[in-house]
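Residue-level structural notes
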Amino acid sequence: MERLSGEKEQSVEAFGWAARDSSGHLSPFVFSRRKTGEEEVRVKVLYCGICHSDLHCLNNEWHSSTYPLVPGHEIVGEVSEIGSKVSKFNLGDKVGVGCIVDSCRTCESCREDQENYCTKAVATYNGVHHDGTINYGGYSDHIVVDERYAVKIPHTLPLASAAPLLCAGISMYSPMKYFGLAGPDKHVGIVGLGGLGHIGVRFAKAFGTKVTVISSTTGKSKDALETLGADGFLVSTDEDQMKAAMGTMDGIIDTVSASHSISPLIGLLKSNGKLVLLGATEKPFDISAFSLILGRKSIAGSGIGGMKETQEMIDFAAEHGIKAEIEIISMDYVNTAIDRLAKGDVRYRFVIDIANTLAATRS
């Protein structure tokens, strides 16, 4: 395709699957994307992962959803059109688009390459772009994004398996790096072996970190220890195991979004240990201040990463052969996949084959 000039172009028709209400049921949807701007790229979507956030948004569980809603922020695709001032990408490049597609670019967070914490960050879907156009996500045939908010996908990364890295991957990588949990002298616990947790184990092992998976049941112990290479598996409902592990971990990354008690987790931390929350639970936590004071322990949160760190994570994953365990599905299977995700019936991430199956659903 030709490069676009700065002149205004008509909006471009797009096709995807959307939910029309909080039932969350997805069905075919024709809509419009804005023209490709001077510093923007148009990306033909090849694959899109299904994040648990998609489930929350589809059902309006966070009370912020606007319909029609096209989910999807784990997007891998190919650059099909570039604006006249684009310098980062060329036509045909394989790229990734994650959870944000813009930010204010001037605040302290943006200046420090932490666009994800910008108070004016623009979500990839279920939001409104600065120009007033509605944002629709990656369950669709193409997307338009400023080049700053896309990352290059190295040719050594399998594209379908790379998609979940754009959310789940960076969500695990960033806190390990920021909170000093990446290194051979560290011991990190990962609560929950799901879409985020299993990738976290692989990053931890690549960092040389000792990693223990913490789960409420023994069901995934073999997968954690034998397939993913975790150093330990701790059953949080086993009092003897929990007691034996008290004070042994430098940090714990909690990926669980269902309501649960974190007090037992705090007991697993060494002095100065950190409990980092990634799961957005509905109910507030009830903890004792003394459990933090005695040992100078801390509780923190973390959400994805900035664009510089996201590219760093992708490059690290390519270098170390880190990829998500996925189940590739067709577009017309998406509602079944969402139902299965709600029940935890996936190992460990659904990825929609947009390129080969979306068009066939258009009547």
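Residues numbered from 1 in each chain as written. Predicted model: local features only at pLDDT ≥ 70, side-chain atom pairs only at ≥ 80, totals over all residues. Heavy atoms only, no water.

- As recorded in an unreviewed UniProt entry, the chain goes by the name cinnamyl-alcohol dehydrogenase, listed as coming from Arabidopsis thaliana x Arabidopsis arenosa.
- Under the UniProt heading Pathway (unreviewed entry), the note attached to the chain is "Aromatic compound metabolism; phenylpropanoid biosynthesis."
- Within the UniProt record for the chain, the comment given under Catalytic activity (unreviewed entry) is "(E)-cinnamyl alcohol + NADP(+) = (E)-cinnamaldehyde + NADPH + H(+)". (UniProt positions renumbered as here; feature names shortened; annotations may be inferred.)

Thoughts on the overall build of the chain
- A tally of helices and strands in the chain yields 12 helices and 19 strands.
- For a compact globule of 363 residues, the expected C-alpha radius of gyration is about 21 Å, and the chain comes in at 21 Å, within 12% of that figure.
- Counting only C-alpha atoms and orienting by the principal axes, one finds that the chain spans roughly 65 × 40 × 35 Å.
- Within the chain, the proportion of its 363 residues that are buried is 54%. (Helix = DSSP H or I, 4+ residues; strand = E, 2+ residues; numbered from the N terminus. Rg over C-alpha atoms; globule rule 2.2 N^0.38 Å. Buried < 20%, exposed > 50% of the residue type's maximum accessible area, 1.4 Å probe, protein only.)

Looking at helix H10 (residues 307-320)
- If you check H10, its first and last C-alpha atoms are 20 Å apart, about what 14 residues at 1.5 Å a residue would give, namely 20 Å.
- Those residues of H10 that fall on the buried side of the exposure criterion are Met-307, Glu-309, Thr-310, Gln-311, Met-313, Ile-314, Phe-316, Ala-317 and Ala-318.
- Looking at the buried side of H10, the elements it contacts are strand E6 (100-102), strand E11 (151-152), helix H4 (168-178) and helix H5 (197-207).
- Gly-321 sits one or two positions beyond H10 and adopts a positive phi of about 65°. (Expected span 1.5 Å × (residues − 1). Contact = heavy atoms within 4.5 Å.)

Let's talk about the pattern of salt bridges
- Throughout the structure, instances matching the rule amount to 17 salt bridges.
- The closest approach of N and O atoms between Arg-340 and Asp-345, which form a salt bridge, is 3.0 Å. (Salt bridge = Lys/Arg side-chain N within 4 Å of Asp/Glu carboxyl O.)

Considering the environment of Tyr-149
- If you trace the backbone, Tyr-149 turns up in the loop between strand E10 (142-146) and E11.
- Tyr-149 gets classed as buried once you look at its relative accessible area, which sits at 0%.
- Separated by 157 residues in sequence, Tyr-149 and Gly-306 have C-alpha atoms that sit 9.0 Å apart.
- Side-chain polar atoms of Tyr-149 contact the side chain of Ser-103, separated by 2.7 Å. (Polar contact = N/O pair within 3.5 Å; in protein donor to acceptor, adjacent residues only side chain to side chain.)

A short note on the nonpolar core
- Core analysis: the biggest nonpolar cluster contains 97 residues, and Ile-50, Tyr-139, Phe-203 and Val-334 have the highest contact counts within it.
- No other element matches strand E3 (residues 40-50), which puts seven residues into this core.
- Residues Leu-234, Ile-252, Ile-262 and Leu-292 belong to the second largest nonpolar core, which totals 15 residues. (Core = buried A, V, L, I, M, F, W, Y, C linked by side-chain atoms within 4.5 Å.)

A word on the pairing of strand E13 (residues 210-215)
- Of all six residues making up E13, five are buried, and the element is well covered by its neighbours.
- Pairing analysis gives five bridges linking strand E12 (residues 187-191) to E13, with the strands arranged parallel. Note on E13: the bridge partner recorded for Val-191 is Ile-214.
- Between E12 and its parallel partner E13, the chain crosses via H5, and the hand of that crossover is right-handed.
- Here four bridges tie E13 to strand E14 (residues 232-235), and the two strands are oriented parallel to one another. Looking across to E14, one finds that Thr-212 is bridged to Gly-232.
- Handedness of the crossover joining E13 and E14 through helix H6 (residues 221-227) is recorded here as right-handed. (Pairing = 2+ DSSP bridges. Right-handed = clockwise from strand over helix to strand, strands pointing away.)

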